[in-house]
Amino acid sequence: MRFRVETGPQEVAERAADELMRVVARKPDAVLAVPTGSTPLPLYRLLASRVQAGTIDLSLVRWFALDEFFAPSLPYECTFRYVLEQELIKPCRLKESNLHSLNPLVPDPELEAARFEAAIASVGGIDLAILGVGTNGHIAFNEPGTPFHARTGLRKLDQGTILSNAHLFPPWVQAPNFGLSMGIATLLEARKVLIIATGDSKADIIARLVQHEPSPDLPASAMKMHPDATLLVDSSAAAACKTGTA
Ligand code: GLP
């Protein structure tokens with residue numbers, strides 16, 4: 001896994017946008033897996049400003065949301081799909097039908113996971129997976145302990161993950177305990193992987209990730225087994241690292 005340190009979140013966004021645009025330049029209808037969370041927001045804003053300036057065209061890209069909550073009565077405004085529509089799809093003037101996501105309301109999560117895997121396969125697999133990382137090392141909703149061979153499916157969320165997502169829910173909506181997530185095996189099959197992390201709160205987990213051998217207790221470390229993965233962080237997230245390689 002390559003390790004790149006940029007000055008701050010804006011530089012991380014610029015580097016990630018360059019990487020994304022290299023993929024899209026080669027393949028305008030590229031298949032991209034994308035995260036929610038606060039980390040990718042500067043990237044999405046940058047992409048939107050370039051689309052609005054007419055300097056890039058993302059209209060043919062197929063977007064796959066990495067994960068979603070699983071809660072049968074979740075209001076639409078509390079879903080990751082809604083967040084991606086607001087932060088990425090609308091500002092980049094994209095068609096909502098180009099965003100593929102897991103449905104949190106389904107009665108059978110395993111059937112929904114199989115549908116999603118089939119949708120990824122039907123477009124030829126993921127060209128670039130952009131991942132955030134949780135402070136416990138999760139990628140998408142693959143919490144510590146998730147086997148590396150796990151494909152898309154239902155995940156029990158750790159308490160810390162539930163708390164860190166609590167701001168998405170109004171007081172009358174109970175924060176979900178479960179998520180639906182692309183699997184680690186699914187992500188390892190992406191042709192390219194880019195993990196992004198910014199800010200002090202990620203310093204400890206990035207230092208662990210840099211040191212760690214691939215092991216399910218740190219899900220992001222699975223990406224060290226990927227032949228074309230990059231860990232792209234800002235100087236705050238790199239602050240506790242002792243070495244320059246990941
Ligand atoms: C969330 C999401 C992940 C995201 C991660 C980090 O729980 N399920 O897809 O990458 O946590 O979020 P943030 O970027 O806000 O730190």
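Further up the page is the structure itself.
Note that the structure is predicted; figures quoted are calculated from it, not measured.

1. Focus: the packing of helix H1 (residues 9-26) against helix H2 (residues 41-53)
For the pair H1 and H2, the least separation of the axes is 8 Å and the interaxial angle reads 60°. By the angle class used here, H1 and H2 are oblique. Crossing of H1 against H2: the hand is right-handed. Between H1 and H2, the residues in contact are Pro9, Gln10, Ala13, Glu14, Ala16, Ala17, Asp18 and Leu20 and Pro42, Leu43, Leu46, Leu47 and Arg50, respectively. Looking at side-chain class alone, the contact of H1 with H2 contains 9 nonpolar, 1 polar and 3 charged residues.

2. Quick notes on helix H4 (residues 109-122)
When the terminal C-alpha atoms of H4 are compared, their 20 Å separation across 14 residues agrees well with the 20 Å that a helix rising 1.5 Å per residue should span. Within the sequence span of H4, burial applies to Pro109, Glu112, Ala113, Phe116, Glu117, Ala119 and Ile120. Angular distribution of buried residues about the axis of H4 spans 155°; they occupy a single face of the element. In H4, the exposed residues that point more than 90 degrees away from the buried face are Leu111, Ala121 and Ser122.

3. Structural notes on the pairing of strand E6 (residues 128-131)
By the alternation rule, side chains of E6 split into Leu128 and Ile130 and Ala129 and Leu131, which are all buried. In this structure, strand E2 (residues 31-34) lies alongside E6, joined through 2 bridges in parallel fashion. By the bridge assignment, Ala33 is partnered in E6 with Ala129. Relative to strand E9 (residues 193-197), E6 runs parallel, the two sharing 3 bridges. Note that in E9 the partner of Ala129 across the bridge is Val193.

4. A word on the nonpolar core
The nonpolar side chains of a soluble globular protein tend to be buried, and buried together. Among the nonpolar cores identified, the biggest contains 43 residues, and Leu131, Met182, Ile195, Ile206, Met223 and Leu231 are the most heavily contacted of them. No other element matches helix H7 (residues 203-211), which puts 5 residues into this core. In contact with Ile195, not counting residues within four places along its chain, are Met1, Leu131, Val133, Ala220, Met223, Thr230, Leu231 and Leu232. Judged by nonpolar contacts, the second largest core, of 34 residues, contains Leu47, Ala48, Leu58 and Leu194.

5. A look at the site of the ligand
In the neighbourhood of the ligand, 14 residues make up the surrounding shell, with Ser38, Thr39, Asp67, His138 and Lys202 lying closest. Measuring from an oxygen atom of the ligand, one finds a side-chain N or O atom of His138 at 3.0 Å. Protein contacts shield 88% of the accessible area of the ligand, which totals 400 Å² for the unbound molecule. Taken together, the residues of the shell around the ligand sort by class into 4 nonpolar, 8 polar and 2 charged.

Each value, and the rule that gives it
- Along every chain, residues carry numbers that run from 1 in the direction the sequence is written.
- Local features in this predicted model are restricted to residues whose pLDDT is 70 or higher, and side-chain atom pairs enter the listing and the counts only when it is 80 or higher, whereas totals over whole chains, interfaces and linings include all residues.
- To obtain the side-chain values, all non-hydrogen atoms of the structure were included, while hydrogens and water were left out.
- With axes taken as lines fitted to C-alpha atoms, and helix axes fitted only over the stretch in contact, angles between N-to-C directions fall between 0 and 180 degrees.
- By the criteria applied, helices consist of DSSP H or I runs no shorter than four residues and strands consist of E runs no shorter than two, each listed in order from the N terminus.
- Each angle receives one of four descriptions, namely roughly parallel if under 35 degrees, roughly antiparallel if over 145, roughly perpendicular if within 65 to 115, and oblique otherwise.
- Crossing handedness follows the turn of the near helix against the far one: under a right angle anticlockwise gives a left-handed crossing, and clockwise gives a right-handed one.
- Two residues qualify as a contact provided that any one of their heavy atoms is within 4.5 Å of a heavy atom in the partner residue.
- Under the scheme applied here, ten amino acids are nonpolar (Ala, Val, Leu, Ile, Met, Phe, Trp, Tyr, Cys and Pro), four are charged (Asp, Glu, Lys and Arg), and all others, including Gly, are polar.
- Expected span, for any helix, means 1.5 Å times one less than how many residues it has.
- Exposure classes here rest on a 1.4 Å probe applied to the protein chains alone. A residue is buried below 20% of its type maximum, exposed above 50%, and partly exposed in between.
- Throughout, the arc means the angular range of directions from the helix axis out to the C-beta atoms.
- Criterion used throughout: strands pair if DSSP finds at least two bridges between them.
- In this text, buried Ala, Val, Leu, Ile, Met, Phe, Trp, Tyr and Cys residues form a nonpolar core when linked through side-chain atoms within 4.5 Å.
- Nearness is defined per residue: one heavy atom within 4 Å of the molecule or strand is enough.
- Polar contact criterion, stated in full: a pair of N or O atoms within 3.5 Å, where within protein one must be able to donate a hydrogen and the other to accept it, and residues adjacent in sequence count only if both atoms are side-chain atoms.
- Working definition of accessibility: Shrake-Rupley area with a 1.4 Å probe, residue cover restricted to the visible protein chains.

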